[in-house]
Protein chains: 2
Amino acid sequence: MGAAAPIGVFDSGVGGLTVVRELERLLPGRPIIYFGDTARTPYGPKSPETLVRYAVEDTEFLLSRGAGVVVVACNSASSVAVPELRRRFSVPVFEVITPAVELALEVTRRGVVGVIGTRATVSSGVYERQLRARAPGVRVHSRPCPLLVPLVEEGWLRTRETRMIVKKYLHPLKVRQVDTLILGCTHYPLLKEVIQAKIGRRVRVIDSSTVVARRVRDALAEGPETASTGGPRSRFFVSDLTPNTVQVVRRFLGRRVELEKVSVPG
Amino acid sequence: MGAAAPIGVFDSGVGGLTVVRELERLLPGRPIIYFGDTARTPYGPKSPETLVRYAVEDTEFLLSRGAGVVVVACNSASSVAVPELRRRFSVPVFEVITPAVELALEVTRRGVVGVIGTRATVSSGVYERQLRARAPGVRVHSRPCPLLVPLVEEGWLRTRETRMIVKKYLHPLKVRQVDTLILGCTHYPLLKEVIQAKIGRRVRVIDSSTVVARRVRDALAEGPETASTGGPRSRFFVSDLTPNTVQVVRRFLGRRVELEKVSVPG
């Protein structure tokens, strides 16, 4: 029997590393193949057709490196590209939306759920549709927060400006008294403290990177070990590499890793 | 003799439309072919090799649509890709850096020049090199301002948060008493008022979109009319199209234009 197949994880950039961090915590020693599409980042403002094309190319890359399962660690891609990925590829494809939706419905007290994310994620309406399909009575309030990704990448995690912008974005959700808030973007866990403070201590904040990692762990525990063509070592690929990428990756993972630059597609 | 060849203008996204606005003002009736690479925007955080590849593809697209001259309306691409474009293509290639540098050296009173731009532009050191090559005694202070592009695209042109962030970014330049400030990014003219207020009324703020348009006008006045394979109508192409793109374009041009989506490369 081969070694455990690496878990493939892709994201538009470095945000998906919050999912990697959780996977490493829950499945220590399990190799991960990460691909961050930093040459085409961000995915948030882009159209569904473009996102599907990018997600297919990213998945092909992960499979070519021996991934046995694929985690779409990007909400924008998860929101529009997953059906196409499942149609095309035979490996299990995990996404970050359904697990967060299910947890939100478990924990909400009054059925008023807030969702924040990029423009692509919020416009897709995917969270609203999924929440309402499972719980028709739930009220959902969504808000695109396009500045939060650049703020995280700039490393402004606790500055006054960041706190003001978060407050401004969350204001309409606070007014509508959401009792549960889904962080619909893998960058946002780095702002979780500020977000929790601004939305209020009594609101349950759901971090999709944590819930998807749990889902992957549970699925792998149930399924058979898949033979792998990859080695046992985790590897981190990006499609573009700058000194700032190195810094930001360090901030996400809390440690330095070797980043390998690849051309995708190609 | 053919009609006047269209002026080709490309940018990573919609920022280059500030150059289009100036070209239309100075050369009314002259057709423009615009390409905004919105599928791969922004260029600012990306590496030189990636930017050269994108700039070559963007230029090939403009030439395929009949452009007789090419304006690189993106500082990040101008800073690293222009020599390669001039080597490969026979049409005149204009860029946004040299004209701004020359004007800065004309107007500076004490030889202390500030430059703001994206991370790619500032890291390239292109403004500093060009300023010092022409005026070895000049002092140059540069500052990357990665949040300004997302703030403009969000339409936050005069919000309190934007004013605070601009102030924070400009603080080190103000302390060093620059007397001239180059806006080294085509998005920044939309923030010119805030920038002027924060850097101080006595500092001369140089908007590269204005100076490059003047340069193009002067060159076209001197040269022969080039035969064109394109029609006389201006056309606006983007590599990705979302409702937000339509809104932002309107903000940049001050009017609605028809946006055509194309695949580049391809």
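Model, not experiment: these values are computed from the prediction.

Cut-offs applied
- Residues numbered from 1 in each chain as written.
- Chains lettered and ligands numbered in written order.
- Predicted model: local features only at pLDDT ≥ 70, side-chain atom pairs only at ≥ 80, totals over all residues.
- Heavy atoms only, no water.
- Contact = heavy atoms within 4.5 Å.
- Salt bridge = Lys/Arg side-chain N within 4 Å of Asp/Glu carboxyl O.
- Polar contact = N/O pair within 3.5 Å; in protein donor to acceptor, adjacent residues only side chain to side chain.
- Helix = DSSP H or I, 4+ residues; strand = E, 2+ residues; numbered from the N terminus.
- Domains from an automatic or database assignment.
- Buried area = accessible area lost by both parts, 1.4 Å probe.
- Least-squares fit on C-alpha atoms with pLDDT ≥ 70 in both.
- Pairing = 2+ DSSP bridges.
- Axes fitted to C-alpha atoms, helices over the stretch in contact; angles between N-to-C directions.
- 1 Å grid on protein atoms, 1.4 Å probe; cavity = no way out; pocket = protein on both sides within 12 Å on 5 of 7 lines; lining within 4 Å.
- Points joined across faces, edges and corners; volume = space filled by probe spheres on them.
- Parallel < 35°, antiparallel > 145°, perpendicular 65-115°, else oblique.
- Left-handed = near helix turned anticlockwise from the far one by under 90°.
- Nonpolar A, V, L, I, M, F, W, Y, C, P; charged D, E, K, R; others polar.

Draft legend 1. Representation of the interface of chain B and chain A within the structure. Taken together, the contact pairs 32 residues of chain B with 32 residues of chain A. Remark: the boundary between chain B and chain A carries 6 salt bridges. Between Lys261 of chain A and Glu49 of chain B there is a salt bridge, with the nearest N and O atoms lying 3.1 Å from each other. Scanning the region where chain B abuts chain A turns up 18 residue pairs in polar contact (both at pLDDT 80 or more). Those elements that provide at least two residues to the side of chain B that touches chain A are helix H2 (48-64), helix H7 (148-153) and helix H8 (160-175) of chain B. With 6 residues, H8 of chain B is the largest single contributor of residues to the side of chain B that touches chain A.

Draft legend 2. Structural detail: the domain arrangement of chain A. All names here are of chain A. Split by domain assignment, chain A resolves into domain 1 (7-95 + 210-261) and domain 2 (97-208). One C-alpha centre belongs to domain 1, the other to domain 2; they are set 22 Å apart. Facing 26 residues of domain 1, the contacting portion of domain 2 comprises 26 residues. Of the roughly 2,000 Å² buried between domain 1 and domain 2, counting both surfaces, carbon and sulfur atoms make up 54%. It is Asn75, Glu95 and Val211 that lose the most area in domain 1 upon contact with domain 2, and together they represent 30% of the buried surface on that side. For the pair domain 1 and domain 2, the number of links is 1 salt bridge.

Draft legend 3. Quick peek at the relation of the copies chain B and chain A. You can overlay chain B on chain A at an RMSD of 0.0 Å; the transform is a turn of 180° with a shift of 0.0 Å along its axis. Expressed as a symmetry operation, the mapping of one chain copy onto the other fits a two-fold axis. Among all residues of chain B, the one whose C-alpha sits closest to the rotation axis is Arg40 of chain B, at a distance of 2.4 Å. Mapped onto chain A, 100% of the interface residues of chain B are again interface residues, and the two copies thus contact each other with one and the same surface.

Draft legend 4. Main features of unusual backbone geometry. All names here are of chain A. Thr41 connects to Pro42 through a cis peptide bond whose omega is -5°. Within the secondary structure, Pro42 is located in the loop between strand E2 (32-36) and helix H2 (48-64). Residue Gln177 is not a glycine yet carries a positive backbone phi of 55°. Mapping Gln177 onto the fold places it in the loop between helix H8 (160-175) and strand E7 (180-184).

Draft legend 5. Focus on the sheet that holds strand E5 (residues 112-117) of chain B. Residue and element names in this part refer to chain B. Read across the open sheet, the 4 strands follow the order E6-E5-E7-E8; overall the sheet is parallel. Lying at the two open borders of the sheet, with one neighbouring strand each, are strand E6 (139-144) and strand E8 (204-207). Pairwise comparison of adjacent strand axes, ignoring direction, gives a mean angle of 20° for this sheet. Where E5 lies against E6, 6 bridges are found, and the strand directions are parallel. Residue pairing for E6: Val113 is matched across the bridge by Val140. Lying over the sheet, H8 contacts E5, E6 and strand E7 (180-184), oriented at roughly 165° with respect to E6.

Draft legend 6. Local environment of the layout of surface pockets. If you add up the space inside the largest pocket, you get close to 270 Å³. Considering the residues around the largest pocket, the lining is formed by 16 residues, among which Thr242 and Pro243 of chain A together with Arg119, Ala120 and Ser123 of chain B are closest to the centre. Where the lining of the largest pocket is concerned, the elements lending two or more residues are helix H11 (243-253) of chain A together with H2 and helix H5 (119-124) of chain B. The greatest single-element share of the lining of the largest pocket, amounting to 4 residues, is contributed by H5 of chain B.

Draft legend 7. The arrangement of the packing of H2 of chain B against helix H3 (residues 75-88) of chain B in detail. Residue and element names in this part refer to chain B. Between H2 and H3, whose axes approach to 8 Å, the crossing angle comes to 55°. Taken as axis vectors, H2 and H3 run oblique relative to one another. In the crossing of H2 with H3, the sense of the turn from one axis to the other is right-handed. Of H3, the residues touching H2 (which contributes Pro48, Leu51, Val52, Ala55, Val56, Thr59 and Glu60) are Ser76, Ala77, Val80, Ala81, Glu84, Leu85 and Arg88. Grouping the constituent residues of the contact of H2 with H3 by class yields 9 nonpolar, 2 polar and 3 charged.

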